Amino acid sequence: MKKILLTVIMILMLVSPVMAKEVIVVDNAIKPMETMTIDNRLFVPLRSLAEAMGAEVTWNQAIFIKSVKRPEIVGDDKFKILITQALDLLKEKDPPDYETVCTYTKQIIFTPNNDEAYAHSEGSDKINICTSLLNRSNLSTEYIASVLVHEAVHLCNVRYYFSDIRQNENMAYLRGIATLQILGATQEEIIGTELTRQKVVK
Ligand SMILES: [Zn+2]
């Protein structure tokens, strides 16, 4: 990847581009941006442009970059910290699942009720986290991250697939369990989630 990038940069240098500093205006705010003109064509750096528009740019393990936007977290400070830690952990250790959460979720909302479920996805782009999850004993960042992935799978299914409820739940649990494994959660946590899956999809 680095080699290809280097070759591209060298080719660009050979055709002697004209470097310039331009500004773009996003939400009435002026943001500076390095641009390049080659053959009368203006080139704008994708990362700076995406970031100026509020997106977050990550390297996909494949060849291309994808820009994702973190969901808005709605709740008190304690809630915001817990969810931010879970998203940070996913971003660092499990980028594909981080991308899934960011792609299908617009808002992660704290819902203070004693719903039996820990979380549920709603409409087409919202995840509600119930009080019961936060009151769980041994609540870990890994577990919260896996719940976010679980719900994001539901949001993806609602948007693109019409699988039956049990199939949908099975997919969400399996992906959540895989997330726990990738994040290095405790065996106890992984087995507990698997047992819940068996109960729910039976
Ligand atoms: Zn579910």
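In the block above lies the structure referred to throughout.
What counts and how
Residues numbered from 1 in each chain as written. Predicted model: local features only at pLDDT ≥ 70, side-chain atom pairs only at ≥ 80, totals over all residues. Heavy atoms only, no water. Donors = N, O, S within 2.8 Å, 3.2 Å for Na, K, Ca; no water. Helix = DSSP H or I, 4+ residues; strand = E, 2+ residues; numbered from the N terminus. Buried < 20%, exposed > 50% of the residue type's maximum accessible area, 1.4 Å probe, protein only. Core = buried A, V, L, I, M, F, W, Y, C linked by side-chain atoms within 4.5 Å. Contact = heavy atoms within 4.5 Å. Salt bridge = Lys/Arg side-chain N within 4 Å of Asp/Glu carboxyl O. Patch = residues over 30% accessible without salt bridge, like charges linked within 9 Å, V, L, I, M, F, W, Y side chains within 5 Å. Areas by Shrake-Rupley, 256 points an atom, 1.4 Å probe, with all protein chains shown as cover. Pairing = 2+ DSSP bridges. Axes fitted to C-alpha atoms, helices over the stretch in contact; angles between N-to-C directions. 1 Å grid on protein atoms, 1.4 Å probe; cavity = no way out; pocket = protein on both sides within 12 Å on 5 of 7 lines; lining within 4 Å. Points joined across faces, edges and corners; volume = space filled by probe spheres on them. Nonpolar A, V, L, I, M, F, W, Y, C, P; charged D, E, K, R; others polar.

Draft legend 1. Spotlight on the coordination of the zinc ion. Distances from the zinc ion to its protein donors, His-150 (NE2), His-154 (NE2) and Glu-169 (OE), fall within 1.8 to 2.1 Å. Here the donor residues of the zinc ion share one chain and are spaced in sequence as H-x3-H-x14-E. Separated by 19 residues along the polypeptide, His-150 in helix α6 (residues 141-160) and Glu-169 in helix α7 (residues 165-182) bring together distant segments of the chain. The exposure class assigned to His-150 is buried, which follows from its relative accessible area of 9%. For Glu-169, a relative accessible area of 18% translates into the label buried.

Draft legend 2. Structural context of the nonpolar core. By size, the foremost hydrophobic cluster in this structure holds 31 residues, and its most contacted members are Ile-83, Leu-87, Ile-108, Ile-129 and Leu-148. Among the elements of the structure, α3 (77-93), α4 (95-104), β9 (126-130), α5 (131-134) and α6 are those that each provide at least two residues to this core. Counting residues per element, this core draws most heavily on α6, at ten residues. Residues within four places of Leu-148 in sequence aside, it is in contact with Ile-83, Ala-86, Leu-87, Val-101, Ile-108, Ile-127 and Ile-129.

Draft legend 3. Inspection of the side chain of Thr-100 at higher detail. Topologically, Thr-100 is positioned in helix α4. Judged by its relative accessible area of 12%, Thr-100 is buried. When residues no more than four places from it in sequence are discounted, the contact partners of Thr-100 are Ala-152 and Arg-175.

Draft legend 4. Examining the pattern of salt bridges more closely. For the structure on display, the rule yields five salt bridges. The partner of Arg-175 in a salt bridge is Asp-97, with the nearest N and O atoms 2.6 Å apart. Of this pair, Arg-175 sits in helix α7 while Asp-97 sits in helix α4, and the two are 78 residues apart along the sequence. With relative accessibility at 4%, the residue Asp-97 sits in the buried group. Close ionic contact of Lys-126 with Asp-125 constitutes a salt bridge, the shortest N to O distance being 4.0 Å.

Draft legend 5. Layout of a nonpolar patch on the surface. Taken together, the side chains of Val-23, Val-25 and Ile-30 present a nonpolar region at the surface, about 310 Å² in accessible area. If you trace the backbone, Val-25 turns up in strand β1 (residues 18-26).

Draft legend 6. Broad picture of the sheet that holds strand β6 (residues 72-74). Strand order in the open sheet formed by four strands is β6-β7-β9-β8, with mixed pairing between adjacent strands. Whereas interior strands pair on both sides, the edge strands pair on one side only; in this sheet they are β6 and β8 (119-122). Averaged over all neighbouring strand pairs, the angle between strand axes comes to 20 degrees, with direction disregarded. In this structure, strand β7 (residues 107-111) lies alongside β9, joined through five bridges in parallel fashion. Bridge pairing in β9 links Ile-109 to Asn-128.

Draft legend 7. View of α4. Most of α4 sits out of view: seven of its ten residues are buried. Taken as a whole, α4 has its buried residues at Asp-97, Tyr-98, Glu-99, Thr-100, Val-101, Cys-102 and Tyr-104.

Draft legend 8. Summary view of the layout of surface pockets. The calculated volume of the second largest pocket comes to roughly 510 Å³. Lining the second largest pocket are 21 residues, and of these Tyr-118, Tyr-143, His-150, Tyr-173 and Thr-196 sit closest to its centre. If you list the elements that add at least two residues to the lining of the second largest pocket, you get β8, α6, α7 and α8 (187-201). The element contributing the most residues to the lining of the second largest pocket is α6, with six residues. The residue inventory of the lining of the second largest pocket, partitioned by class, reads six nonpolar, nine polar and six charged.

Draft legend 9. View of the pairing of β8. Sheet topology note: the β8/β9 ladder contains four bridges and is antiparallel. Counted as the bridge partner of Ala-119 is Ile-129 from β9. What sits between the antiparallel neighbours β8 and β9 is a turn of three residues, in which Gly-123 has the positive phi angle 60 degrees.

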